[in-house]
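# Close look at the chain arrangement
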Protein chains: 2
Amino acid sequence: MFTVVFSDRRDRPLYEQLYAFIRHDIESGVLKADEKLPSSRKLAAHLNISRFTVENAYAQLIAEGYVTPVAKKGYYVCEVEPIDHPADHTADTASTADTADTADTAGRFACAKPFVFDLRTNTIGTEHFPYSVWNRLMRSGMRSDPAGLLGTMHPQGDEGLRAEIAVHLHKFRGMNVSPDQIVIGAGTEYLIGLITEILPDTAFAIEDPGYPKIPRILESRRAKVYPVPLDDEGMRVDAIEKTDAAAAVITPSHQFPLGIIMSIGRRQALLKWAQGGSGRRVLIEDDYNSEFHFALKPIPTLYSLDQNDKVIYLNSFANTLAPSLRIAYMVLPQKLLNRYLKTLYFYSCTVSAFEQHTLRLFMNGGYYERHLNRMRKIYRSRQAALTEGLAPLGERLRVSGQSAGLHLLLSVGDMTESALVTAAGRSGVFVAPISGFYVSPQSRDTHTVVAGFSGCRRDTLGQAAAALVKAWKNKTAPARGNSHIFIDPGPRKR
Amino acid sequence: MFTVVFSDRRDRPLYEQLYAFIRHDIESGVLKADEKLPSSRKLAAHLNISRFTVENAYAQLIAEGYVTPVAKKGYYVCEVEPIDHPADHTADTASTADTADTADTAGRFACAKPFVFDLRTNTIGTEHFPYSVWNRLMRSGMRSDPAGLLGTMHPQGDEGLRAEIAVHLHKFRGMNVSPDQIVIGAGTEYLIGLITEILPDTAFAIEDPGYPKIPRILESRRAKVYPVPLDDEGMRVDAIEKTDAAAAVITPSHQFPLGIIMSIGRRQALLKWAQGGSGRRVLIEDDYNSEFHFALKPIPTLYSLDQNDKVIYLNSFANTLAPSLRIAYMVLPQKLLNRYLKTLYFYSCTVSAFEQHTLRLFMNGGYYERHLNRMRKIYRSRQAALTEGLAPLGERLRVSGQSAGLHLLLSVGDMTESALVTAAGRSGVFVAPISGFYVSPQSRDTHTVVAGFSGCRRDTLGQAAAALVKAWKNKTAPARGNSHIFIDPGPRKR
């Protein structure tokens, strides 16, 4: 088994170093086509690193077509051909920032380098960020109340911003919320961590597939996690009931990544589930991207339907304004708010007072509503550019998840995700294999990729679509492929 | 026992509502002088609230002179006289923000309303914040790299800012640190939480007395906490060794609140302790306020003395720039950095990219160094104003903790802290009783108060000192007092 000497400087994460090492060996012929790689478990033990690191590296090699996974056999080196796109593939030039970026959403299936066309799901159209207004409001806030902005903040966040959020939730989501129920925090991740402190000793049901960071955060906080499969209405209540989970994290407005809009029947069934369990059960409704519904009006929130203080509502300004602002919020139902006030009120708010105050002025001045309307139009037109550009694939193409959100699911004939990702990558397009968003291997879809359209302009999306059409036209499963190929990272650490 | 009807609106925390209720009953004569209040345990059980909430309310009543604690007997209602200072004492007008504010540092001994002279420890001279430079740099940052600022960030924080911090640590603290070892986060509290995830299943030794939030954060993260007594050199290593703690959180540069500068011998003893315990032990060095050493040069950090990757270094811009910026950082030694990269690298950075970038430009332009030099002078002169103003108390006054930091410890003759706080409060000055910073009752100092001088101007401090002189002159322990009075909140929840 090969031994990797990891850099001491740690300017790149381990998995990227491992990826670069193996790729170099493949390109230089040290590792030959069809050679089998060690299992992730064995290699992790051999190198004394985490299995996750190895899987990350393998996943990237798979996404780029250096390695193919064969079901129940393992990972095999591909025959490397000259690559016909101009993207720089030198791992050495990839910054750790890029890596972190992709790791953000694509999870194990990240790519560390810029593709020509990067259809990641975690980029947004930041070129439309209203700088001049934002700057002006920031300055005027500093001028009007410098001492107030520099002192210690309310633990739940700026009171004026919370009032604006309450108004927004009423107007756009029909929710009746008091500003006192709102807790502002530095990102959804931070707030989910805080929720584990409001709900100690609680097992969490999560959507499978779902946002890959949710189980990582919960597990890092030592919470038990149950991945629960979905059907076409959303998280399966019968499957939750087989666990001892007392909390469930769900994305009813637009399931990530499948795009399911949870039916009203399933919403009611979940609320009914939440009433059981000796009063301990809680639903955590992540309403991300409800702002970007294109076809239908957004469906009422679980929070609004709930009559029993069972729903924590979560949302963020990451996708609507900018991820780097790190402003998210949650609405706590009365009973959990009391618990928060009793036990966690001592925590300082994690978001800068300057930016909270600026956002408050931004919302109060109507700029946020205008920005949302503008971005909704832009994203709808970007979605159209991508789907229209893929039309030449004809009936072999199946598109889903169009009614909302900032990405689409694509499948083409009987092509496996591995074949789709590899062919796309060779044409310079990054799309993410859907299996990267699954926790359990059983139910895993293996013939679909996720394509984000929010980070590219219309013309770029048209070119990306053309490259995908070229890559995927008249292709079936790849030579080595069989229809059972899947990527199995093994049982998930609990 | 009385029953309190808590407001449903929750616009004030429970403890403040309970405080207002009891105070109202004392003022209106429902509760009579010398009447005994229920124990915090009994009242908590009766009202179905946390004992901490009751203790908080009692502590505030004690600090304001409504209630007196009598050792081994309990809490007694004081005779209420007309109060001779103009501060508004109507609890109903106190905002939760004020409460949160004071709760920040004074812990259980917070006061929710503005005193005439507020010598809290968690306020800083924000009137000297360099707005115009900050604003200009913020704008120029947005102009020069808007897309970079709006995209997803490096999980450890802005690389340029980390480079500036590394330079600063080298120049001012003699530390050799790579920017790769630095993790930026939204406040020290957030980073201490993150440390519990880097060090799972670890018991923590904390300084007793110490910063009251540390045990609360650790316990909220389900870590076992051992309060360890101090001697005049710092945390007692023999006392740590009686526990199974594998981590110790310490403030060697300026112990909070006692102001001890940890001796070199104790530093070495702690480093030696850290080398035991089968390699699991870690020291967490909170270097807060090392920037504000007035008499001596700041002592080298534990981090610099360490040869064995045993020290996590923590610091923040809260006291040097503004608490509301929420920018803190930690330096991880190599071994723990590897663990962080393996297990926690998925977390997004919690600090806004705009403000990280602005701080980077602020440091790079030399503005931070100039600001520190300026504030050091200002704080030194504020300290002098307070101590000089207290001089008329003569030999009865004992002052300690002058060599660094933003507060002083004061004791006067044989006056108990309760008598000091009550008399000061009646003269319109808020000072905090030191017992509020202790966890264990055994070693508790009961004759000292903590007076912060960073949040008031020189002239105000002069007036505050004059009011204190008037309040404390020719006073001994109060009528009901005996020299063994202490406040015992009972055994700490683990």
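Residues numbered from 1 in each chain as written. Chains lettered and ligands numbered in written order. Predicted model: local features only at pLDDT ≥ 70, side-chain atom pairs only at ≥ 80, totals over all residues. Heavy atoms only, no water.

### Brief notes about the nonpolar core
Membership of the largest hydrophobic core comes to 208 residues, with the highest contact counts inside it found for Trp472(A) and Trp472(B). If we ignore the near neighbours within four places in the chain, the residues touching Trp472(B) are Leu393(B), Arg396(B), Leu410(B), Val412(B), Met415(B), Leu420(B), Ala423(B), Ala424(B), Val431(B) and Val449(B). Leu332(A), Leu191(B), Tyr345(B) and Tyr347(B) belong to the second-largest nonpolar core, a separate cluster that totals 66 residues. (Core = buried A, V, L, I, M, F, W, Y, C linked by side-chain atoms within 4.5 Å. Buried < 20%, exposed > 50% of the residue type's maximum accessible area, 1.4 Å probe, protein only. Contact = heavy atoms within 4.5 Å.)

### Brief notes about the sheet that holds strand E7 (residues 234-235) of chain A
All names here are of chain A. If you trace the eight strands from one edge of the open sheet to the other, you get E4-E11-E10-E9-E8-E5-E6-E7, paired in mixed fashion. The outermost strands of the open sheet, each flanked by one partner alone, are strand E4 (182-185) and E7. Relative to strand E10 (residues 311-316), strand E9 (residues 282-286) runs parallel, the two sharing four bridges. Across the sheet, Glu 285 pairs through a bridge with Tyr 313, a residue of E10. Lying over the sheet, helix H9 (residues 213-220) contacts strand E5 (204-208), strand E6 (225-231) and strand E8 (247-250), oriented at roughly 160° with respect to E5. (Pairing = 2+ DSSP bridges. Helix = DSSP H or I, 4+ residues; strand = E, 2+ residues; numbered from the N terminus. Axes fitted to C-alpha atoms, helices over the stretch in contact; angles between N-to-C directions.)

### Quick notes on unusual backbone geometry
All names here are of chain A. At the junction of Phe 256 and Pro 257, the peptide bond is cis and its omega measures out at 5° in the coordinates. Structurally, Pro 257 can be placed in the loop between E8 and helix H11 (264-275). Positive phi, normally seen in glycine, also occurs at Asp 34, with a value near 75°. Along the chain, the position of Asp 34 falls in the loop between helix H1 (14-27) and helix H2 (40-47). With a phi close to 55°, Arg 326 is a non-glycine residue in the positive phi region. Among the structural elements, Arg 326 can be located in the loop between E10 and strand E11 (328-331).

### Some details on the relation of the copies chain A and chain B
By a simple turn and slide, chain A fits onto chain B: the slide is 0.1 Å along the axis, the RMSD is 0.2 Å, and the turn is 180°. Put plainly, the chains are arranged around a two-fold axis. (Least-squares fit on C-alpha atoms with pLDDT ≥ 70 in both.)

### Some remarks on the interface of chain A and chain B
When the parts come together, some accessible area is lost, and that loss is often what is quoted as the size of the interface. Contact with chain A, which involves 70 residues of that partner, is made by 70 residues of chain B. For the pair chain A and chain B, the summed buried area comes to about 5,900 Å², and 55% of that belongs to carbon and sulfur atoms. Counting across the chain A and chain B interface gives four salt bridges. Arg221(A) is the salt-bridge partner of Glu197(B), the closest N and O atoms lying 3.2 Å from each other. Summed over the shared surface of chain A and chain B, the number is 20 residue pairs in polar contact (both at pLDDT 80 or more). Considered class by class, the residues forming the side of chain A that touches chain B number 33 nonpolar, 18 polar and 19 charged. (Buried area = accessible area lost by both parts, 1.4 Å probe. Salt bridge = Lys/Arg side-chain N within 4 Å of Asp/Glu carboxyl O. Polar contact = N/O pair within 3.5 Å; in protein donor to acceptor, adjacent residues only side chain to side chain. Nonpolar A, V, L, I, M, F, W, Y, C, P; charged D, E, K, R; others polar.)

### Side note on the packing of helix H14 (residues 353-364) of chain A against helix H15 (residues 367-390) of chain A
Residues and elements named next belong to chain A. Their axes nearest at 5 Å, the elements H14 and H15 cross at an angle of 75°. Between H14 and H15, the interaxial angle falls into the category roughly perpendicular. Every residue of H15 that contacts H14 at Leu 361, Phe 362 and Met 363 is listed here: Tyr 367, Tyr 368 and His 371. Classifying every residue of the contact of H14 with H15 by side-chain character gives five nonpolar, one polar and no charged. (Parallel < 35°, antiparallel > 145°, perpendicular 65-115°, else oblique.)

### A look at the domain arrangement of chain A
Segmenting chain A into domains produces domain 1 (14-98), domain 2 (117-124 + 370-472) and domain 3 (131-365). Centre-to-centre separation of domain 1 of chain A and domain 3 of chain A, based on C-alpha positions: 37 Å. (Domains from an automatic or database assignment.)

### Describing helix H15 (residues 367-390) of chain B
Working note: α-helix, 3.6 residues per turn, so residues spaced by three or four point in the same direction. Residues and elements named next belong to chain B. Taking 1.5 Å as the rise per residue, H15 with 24 residues should run 34 Å; its terminal C-alpha atoms sit 35 Å apart, in good agreement. Turning to H15, its buried residues are Tyr 368, His 371, Leu 372, Met 375, Arg 376, Ile 378, Tyr 379, Arg 382, Gln 383, Ala 385, Leu 386 and Leu 390. Its buried side turned inward, H15 meets helix H7 (159-173), helix H14 (353-364), strand E12 (397-400), strand E13 (407-412), strand E16 (449-452) and helix H17 (458-472). (Expected span 1.5 Å × (residues − 1).)

### Regarding the sheet that holds strand E8 (residues 247-250) of chain B
All names here are of chain B. One open sheet accounts for eight strands, arranged E4-E11-E10-E9-E8-E5-E6-E7; its pairing is mixed. Single-partner strands in this sheet number two, and they are strand E4 (182-185) and strand E7 (234-235). Looking at chain direction, strand E5 (residues 204-208) and E8 are connected through three bridges and run parallel. Across the sheet, Ala 205 pairs through a bridge with Ala 248, a residue of E8. Helix H9 (residues 213-220) contacts E5, strand E6 (225-231) and E8 of the sheet and is inclined by roughly 160° relative to E5. Its contacts with the sheet put helix H11 (residues 264-275) on E6, E7, E8, strand E9 (282-286) and strand E10 (311-316), and the angle it makes with E9 is roughly 145°.

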